[in-house]
Amino acid sequence: MKAVVVENLKYRYPSTERLALDSVSFEVEQGEFIGIIGKNLAGKSTLCEALVGLVPHFYKGAYGGRVVVDGVEVLSSDVSELARHIGIVFQNPFTQVTAAKLTVYEEVAFGLENFGFERSEMVDRIDYVLKLLGLYEYKDRNPFELSGGQMQRLAIASIIAMKPSIIVLDEPTSQLDPLGSEEVFKAVQSLSKEGITIIMVEQKMEKIAQYADKVMLMNEGRVIDFGAPEKVFSRSDLETYGVEPPVFTSIAKRLNIKDNDTGLYPVTLEQMRRLMISEPHRS
Amino acid sequence: MARALSLYVEADTFVQKLDPMVKLLYILIAILIPFVILPFRWVGAVFILLSCVLLLYAKVFPRVLPLLGFSFLILISIVIIQGLFMPGNKTPAVEIFGLTFYKEGLLYALTLCIRVLDVLLAFALLVLTTRPSDLIQSLVKRGLSPRFGYVLSSALQVIPQMMSQVDSIMDAQRSRGLETEGSLWVRLKAFIPLIGPVVMSSLLETRERAMALEVRGFSASGKKTFLYEREPLVLDKILQWALIASLVISLVARFTVL
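Residues numbered from 1 in each chain as written. Chains lettered and ligands numbered in written order. Predicted model: local features only at pLDDT ≥ 70, side-chain atom pairs only at ≥ 80, totals over all residues. Heavy atoms only, no water.

### Section: the overall build of chain A
When its secondary structure is counted, chain A shows 11 helices and 10 strands. Each principal axis of the C-alpha distribution contributes one length, and for chain A these read about 60 × 45 × 35 Å. For chain A, the residues scored as buried account for 56% of the 283 residues in total. Total accessible area on chain A stands at roughly 11,400 Å², and carbon and sulfur atoms take up 49% of it. (Helix = DSSP H or I, 4+ residues; strand = E, 2+ residues; numbered from the N terminus. Buried < 20%, exposed > 50% of the residue type's maximum accessible area, 1.4 Å probe, protein only. Areas by Shrake-Rupley, 256 points an atom, 1.4 Å probe, with all protein chains shown as cover.)

Next up, the structure:
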């Protein structure tokens, strides 16, 4: 079974003329790490919200097409029920804290309480996710006393505790300092290793190039390209879509270092190093 | 960083461990008996004494003193106004700085003061010895809407957060030359450029938080559970029945003996 199937998805927000999502179609396999890139208003966040059902259930508006997540049709299932299959982490770590719980431990329990889990199951899950995301030592702290990076990890932990098979992250590091961003990327990497499907919107191209199995390039609500990072970042028209390639790809393009078999540029330091030391591949 | 607006004081006493519903019942009885059923000053004084003993035992009495200090101003004004100007004043009791205080007014003021202190101390017992989340959990278990329960519990943390946000916005506006200190007129003028960003950012944050709650199953159908299930104490039942018995006895006394 595919983790995500999106077929000809079209969506327009209420009181607007322009389609925020226009004929979007793609599929994601279980356990894949997908990076979504594109400039502002490309439709990235709207797509994330469509995957978890906030579009159309929360925002309303004109909706067409089909989204199936973990075998569940989004249109015929409400947001709370979809949360068992897919979770989302938003940009702002401060607004993801419920503000109704006094400790980190209780905060993670919020979703589990809503779904009626037994206490023993809750404790097992909370202990596991707090340790996985390096938050166990802060379990008795008030969530508002955490740093931005810790708070974002708490938001991820709260979602992971509900054991969704897919996690969507909408620019989770955009409001964090470099240290906080690194904490989040490490956490996401460990989730990916656990076999959870990751769909992540991100502006830090080096990180996307490093972690993603596939990259989706979006512009004005449409999917322009969807494939391996090397394929998407090697596009000559990338900058016309408001996207800067990773720094290693830019350098490789200038020095014309590319894989002669595929004609694609490297996207990570490791790929570049490999191409540079294997002379026959160097163009 | 703003903290939660909670007055709860952690201590290892039976008062902190009691079912919050028993404390709510105590408040109800501490109001009903001396106000309605047995409206005598000594009954109110007994409840004040009982609340004080419980507050002392729960090691929270020092936290009551600021509340008492605040109410002291109100109580003094009650004594002055009633002692001097109550319509039924006839018997002069004491004269201070040429002003005659009357016995009837002073006794009525004493009744009011006892009632104010009675209510204040009974509520202080609940607020200072009960974790807000435990109180709300107890109410939700007894049928309060989880949505209303959320509003109650989040208010304790959202209000300090909003206040810290107002400070940030005020700093931002100040850095752009807005004068926020000085005469009343200057401060009033500064209020207008502050209110827009505060309201807008609060609305946006509320929407984002609503989405974050939804994706964590806030509206999920089915029975909710709680991480911390309070173990019911034998003392809960004993005190609950003792309070109900005191209510019944006072009612019987009201309609038979007195």
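### What about the confidence of the model for chain B?
All names here are of chain B. For chain B, the mean per-residue pLDDT works out to 89, and 98% of the residues sit at or above 70. When pLDDT is averaged over each element of chain B, helix α3 (residues 41-57) comes out on top at 96 and helix α7 (residues 146-175) at the bottom at 83. Under the prediction, the complex receives an ipTM of 0.86, its pTM being 0.78. (pLDDT = per-residue confidence, 0-100.)

### Remarks on the domain arrangement of chain A
Residue and element names in this part refer to chain A. Each assigned domain of chain A is listed here: domain 1 (4-245) and domain 2 (246-283). Centre-to-centre separation of domain 1 and domain 2, based on C-alpha positions: 31 Å. The interface is formed by 12 residues belonging to domain 1 together with 10 residues belonging to domain 2. Roughly 880 Å² is buried in total at the junction of domain 1 and domain 2, and carbon and sulfur atoms are behind 64% of that figure. Per-residue buried area on domain 1 facing domain 2 is highest for Glu230, Ser234 and Pro245; these three make up 53% of the total on that side. At the junction of domain 1 with domain 2, the criterion picks out zero salt bridges. Inspection of the domain 1/domain 2 interface yields five residue pairs in polar contact (both at pLDDT 80 or more). Broken down by secondary-structure element, the contributors of at least two residues to the side of domain 1 that touches domain 2 are α8 (205-211) and α9 (229-233). Of the residues that constitute the side of domain 1 that touches domain 2, the class distribution is five nonpolar, two polar and five charged. (Domains from an automatic or database assignment. Contact = heavy atoms within 4.5 Å. Buried area = accessible area lost by both parts, 1.4 Å probe. Salt bridge = Lys/Arg side-chain N within 4 Å of Asp/Glu carboxyl O. Polar contact = N/O pair within 3.5 Å; in protein donor to acceptor, adjacent residues only side chain to side chain. Nonpolar A, V, L, I, M, F, W, Y, C, P; charged D, E, K, R; others polar.)

### Topic: helix α6 (residues 132-141) of chain B
Residue and element names in this part refer to chain B. The buried count for α6 comes to seven of 10 residues, which makes it a mostly enclosed element. Buried within α6 are the following residues: Pro132, Ser133, Leu135, Ile136, Gln137, Ser138 and Val140. Considering only its buried residues, α6 is in contact with α2 (20-37), α5 (103-129) and α7. Once α6 ends, the next one or two residues include Gly143, with phi positive near 110 degrees.

### Notes on the interface of chain B and chain A
With 32 residues of chain B at the interface, the matching set in chain A holds 45 residues. Between chain B and chain A, a total of about 3,400 Å² is buried, with carbon and sulfur atoms accounting for 58% of that surface. Contact with chain A buries surface across chain B, with Val215, Arg216 and Leu227 of chain B losing the most and accounting together for 26% of the total. Connecting chain B to chain A are one salt bridge. Close ionic contact of Arg216 of chain B with Glu107 of chain A constitutes a salt bridge, the shortest N to O distance being 3.0 Å. Joining chain B to chain A, the criterion identifies 16 residue pairs in polar contact (both at pLDDT 80 or more). Secondary-structure elements contributing two or more residues to the side of chain B that touches chain A are α7 and α8 (184-214) of chain B. Here the side of chain B that touches chain A gets nine residues from one element, more than from any other, and that element is α8 of chain B. Its residues placed into classes, the side of chain B that touches chain A shows 15 nonpolar, eight polar and nine charged.

### Topic: the domain arrangement of chain B
Residues and elements named next belong to chain B. Here chain B is described as being made up of domain 1 (14-130 + 232-258) and domain 2 (132-227). Each of domain 1 and domain 2 has a C-alpha centre, and these two points are 34 Å apart. Contact with domain 1, which involves six residues of that partner, is made by six residues of domain 2. A combined buried area of about 490 Å² lies between domain 1 and domain 2, and 76% of that area is made up of carbon and sulfur atoms. Taken as a group, Pro20, Met21 and Thr130 account for 72% of the area that domain 1 buries against domain 2, more than any other trio of residues on that side. For the interface between domain 1 and domain 2, the tally reads one salt bridge.

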